[in-house]
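Letter by letter, the chains look like this.
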Amino acid sequence: MRRTRFAALVTGLAAAAALGVAAPASAAPPPDPNEIWPQDVSAQIATAPCDRAGPSAEDAALATRLNPLLRNKMRGYLTPYRMSCARVVVKAVRDRGLNPRAAAIAMSTIIVETGMMNYSEAVDHDSLGLFQQRPSQGWCAPAQCIDPVFATTKFLDAMMRFYPNGSWNTAPIGDVAADVQRPAAQYRYRYGVEAADSIVLADALWAGGALPHPYGSGRVVSAKGADGRLETFAAAADGVHHAFQTSVNGPWSAWRFLGGPRSAQLAIAPNRDGRLELFALSGSTFEHRWQTAPNGNWSAWANFGAGGHQLAAGTNVDGRIEVFASNPNGVFHRWQTTPGAWSGWTGVGGPATSRLALERSADGRLELFALSATTFGHRWQTSPSSWSGWSTFGDGGHDLAASHNTDGRVEVFASNPNGVFHRWQTTPGAWSPWTALGGPARAELTAVRSVDGRIELFAINGSIARHNWQRGQNTPFAGWTDFGGGGTEIGSSTNADGRIEVFGTNPTGVYHRWQTGLNAWNPTWGPLAGSPGPPMP
């Protein structure tokens, strides 16, 4: 493992220019001339393949999609080869039975150590491979060091020695990576700098390269922008209000009034290039607005259709957004034909005036759930552009939410006057019966995944908020605990570091609670953005 940083070979962008290696126009000059910058060293050091079959077409497509979403030194430098190395590392983490956060820790390490290149030539002492592990220090034999699966396993072994009992789940990604790699003190910061990008890469690869799973819809919605900052929207009687994190995992801006449909239902989804798109549906108006660049400013409102009841939005595996809305005549949908261009509305039947939820199946296809007071319907993609007909999924109810297990199986939750119930896929296409979970009657629901992959479920009605969670990955639920007083709506999202953030509304405004650790929460609801914001009856 290296203690110095290729100083003889790497002299910043000036060295790249001398070698005729072009850098993207957006690349900033490196702040440290001893840092390993991908444009400088990739052609000078011998590499070994990470996948014996070589990079795949999917590796190339994913590199193209993720390049503009990164913010640090790998932005613009993902190649099919580098993606193949990242893919093999993430699979090794998954095969070990660990979670996406462990994959992100490994990813930040190989970004810093080698720019995601599997070096077969020892440049700094005898360091080799993606992780720059040293045979002389007992990490591996030379051939093992350049075996990415073996090297990843050795890295994870060391991680768990330094952070026993799963404590790496709650420690900062950069600290964990630095403690395993043990660089000189002045270089420790580098792993933390790459943490946000490592989460983007690990999440994309964990899902098989697919785009993020759909966000929940409702009167309050929240989603991560391309740089990992959360953007939150609340639909009040006077229109839509907006607050956002001013830094990744950081504090919140003040509320901003955006206008738009009043007393709307909201949905949010990412475009192919990472730009978020917001949809707002009221009884008489349907409008949308979108980021004009990843992490950039927002457009003005534009008409998206007539009014309706409820909506949901998600992203197809090819990057096109798909939007569903219900009204008294059933369910309708529109989809992007190309980025920024939309089909017309098409009716698909289904339950009238239903609440809607989307989730992504293990193979990437979207699944749609529609719940009315009398009917629960389900349909799914048979391919990225084709849908099945409706099948009966259960009886009517009040609200619904959907999530997915670590192994990709979809799980669906519904509330009615008797409490909360759930069904889950037993295999792709096969479902369990409905099972009672108890909990608040006629509750609003939201489901989100913890950093270690467990589904966490939140329910709120006019008198109480409650919280339930899986005991482990792909396992039954632990039971309900109190989560605070009652309210009118609940939503959730995850910070860039994986901590869950829950948003609740009541007639005095919008509040939130957030994880301070894997199983620890801020003790009380607090006003979002420093003030409660718009009243939400």
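These figures come from a predicted structure and were not determined experimentally. (Residues numbered from 1 in each chain as written. Predicted model: local features only at pLDDT ≥ 70, side-chain atom pairs only at ≥ 80, totals over all residues. Heavy atoms only, no water.)

Okay, the pattern of salt bridges next. In this structure the tally under the stated criterion is 11 salt bridges. Across the salt bridge formed by R355 and D399, the nearest N and O atoms sit 3.1 Å from each other. Of this pair, R355 sits in strand β14 (residues 355-360) while D399 sits in strand β19 (residues 399-404), and the two are 44 residues apart along the sequence. A salt bridge links E456 to R454, with the nearest nitrogen and oxygen atoms 3.7 Å apart. (Salt bridge = Lys/Arg side-chain N within 4 Å of Asp/Glu carboxyl O. Helix = DSSP H or I, 4+ residues; strand = E, 2+ residues; numbered from the N terminus.)

Its 16 residues give helix α4 (residues 80-95) an end-to-end C-alpha distance of 22 Å, which sits within 8% of 22 Å, the value for a rise of 1.5 Å per residue. Residues of α4 that are buried include every one of Y81, R82, M83, S84, C85, A86, V88, V89, V90, A92 and V93, and no others. Positioned one or two residues after α4, G97 has a phi angle of 85 degrees, which is positive. (Expected span 1.5 Å × (residues − 1). Buried < 20%, exposed > 50% of the residue type's maximum accessible area, 1.4 Å probe, protein only.)

With that out of the way, let us pick up the sheet that holds strand β2 (residues 230-236). In space, the 4 strands of this open sheet follow the order β1-β2-β3-β4, with antiparallel pairing throughout. Sheet topology places β1 (220-224) and β4 (256-259) at the edges, where each strand pairs with a single neighbour. Put simply, the sheet's adjacent strands are angled 25 degrees from each other on average, direction ignored. Pairing of strand β3 (residues 239-244) with β4 involves 3 bridges; the strand directions are antiparallel. Counted as the bridge partner of H242 is R256 from β4. (Pairing = 2+ DSSP bridges. Axes fitted to C-alpha atoms, helices over the stretch in contact; angles between N-to-C directions.)

By the definition in use, this model includes 2 disulfides. Across the disulfide, C50 is cross-linked to C85 (sulfur-sulfur distance 2.1 Å). Every disulfide takes its handedness from the sign of the S-S torsion; for C50 and C85 that torsion is 85 degrees, giving right-handed. Taken as a pair, C50 in the loop between α2 (38-41) and α3 (57-66) and C85 in helix α4 lie far apart in primary sequence, 35 residues in all. The class of C50 is buried, set by a relative accessible area of 9%. For C85, a relative accessible area of 0% puts it in the buried group. (Disulfide = S-S within 2.5 Å.)

Turning to the packing of aromatic side chains, a few remarks are in order. The tally for this structure, following the rule as stated, stands at 21 aromatic pairs. Measuring from centroid to centroid gives 5.9 Å for F279 and W342, while their planes differ by 80 degrees, and the two rings are edge-to-face. Taken together, the positions of F279 in strand β6 (residues 276-281) and W342 in strand β12 (residues 341-342) put the pair 63 residues apart, joining distant regions of the chain. Comparing F279 with W342 shows no difference in burial state: the two are buried. Taking the centre distance of 5.1 Å and the plane angle of 90 degrees together, the rings of F483 and W521 count as edge-to-face. Residue F483 is located in strand β27 (residues 481-485), and its partner W521 is located in the loop between β30 (509-514) and β31 (526-527); the two are separated by 38 residues in the primary sequence. An identical accessibility class is assigned to F483 and W521; each is buried. A cation over a ring is seen here: R334 above F304, with NZ or CZ 4.4 Å from the ring centre. Of note, R513 hangs over the ring of F483, and the distance from its end group to the ring centre comes to 4.2 Å. (Phe/Tyr/Trp six-rings, centres within 6.5 Å; stacked < 30°, edge-to-face > 60°. Lys NZ or Arg CZ within 6 Å of the ring centre and 35° of its normal.)

Contact geometry for α3 and α4: axes closest at 8 Å, N-to-C directions at 100 degrees. Taken together, α3 and α4 sit at an angle that is classed as roughly perpendicular. Seen from α3, the contacting residues are D59, A60, L62, A63 and L66; seen from α4, they are P80, M83, S84 and R87. Counted by class, the contact of α3 with α4 contains 6 nonpolar, 1 polar and 2 charged residues. (Parallel < 35°, antiparallel > 145°, perpendicular 65-115°, else oblique. Contact = heavy atoms within 4.5 Å. Nonpolar A, V, L, I, M, F, W, Y, C, P; charged D, E, K, R; others polar.)

Turning our eyes to something else, we now look at the UniProt feature "domain: PLL-like beta propeller" (unreviewed entry) in the protein chain. When the UniProt feature table is mapped onto this chain numbering, "domain: PLL-like beta propeller" (unreviewed entry) sits at residues 447-531. End C-alpha to end C-alpha, residues 447-531 measures 25 Å, and it is 0% helix and 48% strand. (UniProt positions renumbered as here; feature names shortened; annotations may be inferred.)

Glancing now at helix α10 (residues 195-206). The first and last C-alpha atoms of α10 sit 16 Å apart over 12 residues, in line with the 16 Å expected at 1.5 Å per residue. Among the 12 residues of α10, 9 are classified as buried, and the element is accordingly described as predominantly covered. Buried residues of α10: A195, D197, S198, I199, L201, A202, A204, L205 and W206, and no others. Elements in contact with the buried residues of α10: α3, α4, α5 (100-114), α8 (173-181) and α9 (189-193).

As a further point, take the nonpolar core. Counting residues in each nonpolar core, the largest one holds 59 residues, and the members touching the most others are L78, M107, M116, M159 and L201. Looking at this core, the elements with two or more residues in it are α3, α4, α5, α7 (148-162), α8 and α10. At 9 residues, the largest contribution of residues to this core is made by α5. Excluding anything up to four places from it in sequence, M107 contacts A86, V90, M116, S198, L201 and L205. (Core = buried A, V, L, I, M, F, W, Y, C linked by side-chain atoms within 4.5 Å.)

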